[in-house]
Amino acid sequence: MKKFAICCSILLAPTAAMAQGNGFYSKSTSLKLANHIQVMQDSSTIYGGHETTATPTWRYPNSKFLSDRDPNINKGVYHLAANDAEPDYQTLTSTKISSLTSAKIPAKYKVTVIPYAGYLSYGGDSSHDSGYTTGAYIAIPSATNLVELGASYSNISYTTAGTNNLKQTDVAAAYTHYLNYQANVRGGIHYINSTDDSTNNGNIFFGGGKVYDGSKWHYGAEAYYSMYPNSDQHVGQVSFESGYSMGNFYKEGSYYFTVKGNYIHPFDATVTNLSEHYLSAGLDVAYSIPYWKTEVGGWVGREVMAVKNAGMVVLNLPDEHNVGAHASVQRYLTDNIFAKVSYKYDKFKDATTTMNTKKQLGLLSVGGH
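Asks: Got a sec to walk through the overall build of the protein? Specific residues and values, please.
Replies: Along the protein, the regular secondary structure elements total one helix and 19 strands. Among the 369 residues that make up the protein, the fraction classed as buried is 59%. Summing over all exposed atoms, the protein offers an accessible surface of approximately 13300 Å²; the carbon and sulfur share of this is 60%.

In structure tokens form, the structure reads like this:
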């Protein structure tokens, strides 16, 4: 029996819900897009993931991008540094995006809506052929909370003649609460409905927290627990990340570096022929100036059935990934409308063909606040 599964693809781009601390509110909105839409195949055991989601941030009244005390800043145009949006749970992968928003409406009132579409292609040694994914992400902020909703539909074809396409729908929801100006907690659930019986009705539960100092630095940790009742597969994962600003450069732009690490433990490794321990590490570099945001990143190590983007993206298959890279460019067309183009490359060992192969993803997102 041919067994296959698709990567849960949810695009992430949480908007920044700014808190009204000490009598001020932010006039900027941060947002992040997950550019990892992954689609993969399965074998009798399942599970997956990649990248994280952005959460709203608390800003200091003396931020150089918001402060009314800085006469050099044009108060008609507010923008964020590469990581001004921190803290964020992402990594649409993980990805931080600079944003430009209207100063007329406080960020806490701005709902972000992001529809997207992507095309996937695989190497010749893969059991996959090609496919597409579409979906939407919605972030609903308030003064001290953020609600994230995501849904996607994916359709993947296979190289084996006579094999029906895999069709899968993913839905996810997350809730973030800001404890104070420098800390938040977040939790949620991801559900999979698939034509593949082994991964159908899969549930991924996740939670985590972050501490941060404005746009200067952040530290975060996330935990995931995935359950696929039809195949009795259970996988645990812990992810860590830390980010640091490298100062401001050309045209008031800013660099922000994020280091990430993942540990994955399949609880049923002896039954599913997987290893008991998988480790990986990566680095993302973001650079933003008004209206523009660019990002490049990559990782190395071993990942299988991973969860990323703070639970919003899931890879529900036992293919072992060893190398990944991504790049993206985002442009604000107006203060509240933006477009983003992303590219992602993965090298992995196909669980069905047992051959090393590759996967490429092109993604276009157009959204607004």
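Asks: I'd love a proper account of the packing of aromatic side chains, names of residues and values included.
Replies: Applying the stated criterion across every chain yields a total of eight aromatic pairs. The interplanar angle of 80° and the centroid separation of 5.8 Å between the aromatic rings of Y219 and Y244 together place this pair among those described as edge-to-face. Residue Y219 is located in strand β10 (residues 217-228), and its partner Y244 is located in strand β11 (residues 233-249); the two are separated by 25 residues in the primary sequence. What makes Y219 partly exposed here is its relative accessible area of 36%. By relative accessible area, Y244 is classed as partly exposed at 34%. Three or more aromatic residues joined by ring pairs make a cluster, and in this case those are W217, Y219 and Y244. The ring centre of W299 lies 4.7 Å from the NZ or CZ of K308, which sits over that ring.

Asks: Give a detailed account of the pairing of strand β14 (residues 292-304), specifying residues and quantitative values.
Replies: Every regular strand shows the same layout, with side chains that alternate between the two sheet faces. Where strand β13 (residues 278-289) lies against β14, 10 bridges are found, and the strand directions are antiparallel. Bridging from a neighbouring strand, L283 pairs with G298 of β14. As judged from the 11 bridges shared by β14 and strand β17 (residues 320-332), these two strands associate in the antiparallel manner. Across the sheet, residue K293 finds its bridge partner in β17, namely Q330.

Asks: Go over the environment of P318, please, and point to the residues and values.
Replies: With respect to the helices and strands, the residue P318 is situated in the loop between β16 (313-315) and β17. Considering only alpha carbons, one finds P318 and N273, 45 residues apart in sequence, at a separation of 9.5 Å.

Asks: Quick rundown of the side chain of S154? Include the residues and the values.
Replies: One can find S154 in strand β6 (residues 145-158). At 3.0 Å, the side chain of S154 forms a polar contact with the side chain of T133.

Asks: For the pattern of salt bridges, give the residues involved together with the corresponding values.
Replies: A full pass over the atoms with the stated rule returns six salt bridges. Residue R186 pairs with E148 through a salt bridge whose shortest N-O separation is 2.9 Å. Here the residue R186 occupies a position in strand β8 (residues 183-194), and E148 occupies one in strand β6, the gap between them amounting to 38 residues. R186 gets classed as buried once you look at its relative accessible area, which sits at 5%. Given the relative accessible area of 0%, E148 is considered buried. One salt bridge in this structure joins D346 and K344, with 2.0 Å as the shortest N-O distance. Taking the relative accessible area as the measure of exposure, D346 reaches 1% and is therefore buried.

Asks: Just give me the short version of the pairing of β8, but keep the residues and values in it.
Replies: In this structure, strand β7 (residues 166-180) lies alongside β8, joined through 12 bridges in antiparallel fashion. Residue pairing across strands places H177 opposite V185, the latter belonging to β8. The turn linking β7 back onto β8 is made up of two residues.

Asks: Mind laying out the environment of S126, listing which residues take part and the relevant values?
Replies: Note that S126 resides in the loop between β4 (112-122) and β5 (128-141). Sequence separation of S126 and T357 is 231 residues, and the distance between their C-alpha atoms is 5.8 Å. The contacts of S126, once residues within four sequence positions are left out, are T159, F348, D350, T353 and T357. At 3.2 Å, the side chain of S126 and the side chain of D350 are in polar contact.

Asks: Account for the confidence of the model for the protein, with residues named and values stated.
Replies: Averaged over every residue, the pLDDT of the protein is 74; residues scoring 70 or more account for 69%. In this model, residues 1-104 is a region of pLDDT below 50 whose contacts with residues beyond four sequence positions or in other chains number 522 contacts.

Asks: An account of the side chain of N200 is needed here, citing residue identities and associated values.
Replies: Here N200 shows up in the loop between β8 and β9 (202-213). Side-chain polar atoms of N200 contact the backbone nitrogen of S194, separated by 3.0 Å. Not counting chain neighbours up to four residues away, the residues in contact with N200 comprise I192, N193, S194 and N230.

Asks: Which residues make up a nonpolar patch on the surface, and what values do they have?
Replies: A surface patch of nonpolar side chains, about 500 Å² in accessible area, is lined by V111, V113, I138, I140, V147, L149 and Y175. At the level of secondary structure, the elements contributing two or more residues to the nonpolar patch comprise β5 and β6. With respect to the secondary-structure elements, I138 resides in strand β5.

Asks: Now, about unusual backbone geometry: what can you tell me, with residues and values included?
Replies: Notably, M305 is not glycine yet its phi reads approximately 50°, a positive angle. By the secondary structure assignment, M305 is in the loop between β14 and β15 (307-308). Residue class for M305 comes out buried when judged on its relative accessible area of 2%. Located in the positive-phi region is A310, a residue other than glycine, with phi close to 55°. By relative accessible area, A310 is classed as buried at 1%.

Analysis parameters
- Residues numbered from 1 in each chain as written.
- Predicted model: local features only at pLDDT ≥ 70, side-chain atom pairs only at ≥ 80, totals over all residues.
- Heavy atoms only, no water.
- Helix = DSSP H or I, 4+ residues; strand = E, 2+ residues; numbered from the N terminus.
- Buried < 20%, exposed > 50% of the residue type's maximum accessible area, 1.4 Å probe, protein only.
- Areas by Shrake-Rupley, 256 points an atom, 1.4 Å probe, with all protein chains shown as cover.
- Phe/Tyr/Trp six-rings, centres within 6.5 Å; stacked < 30°, edge-to-face > 60°.
- Lys NZ or Arg CZ within 6 Å of the ring centre and 35° of its normal.
- Pairing = 2+ DSSP bridges.
- Polar contact = N/O pair within 3.5 Å; in protein donor to acceptor, adjacent residues only side chain to side chain.
- Salt bridge = Lys/Arg side-chain N within 4 Å of Asp/Glu carboxyl O.
- Contact = heavy atoms within 4.5 Å.
- pLDDT = per-residue confidence, 0-100.
- Patch = residues over 30% accessible without salt bridge, like charges linked within 9 Å, V, L, I, M, F, W, Y side chains within 5 Å.

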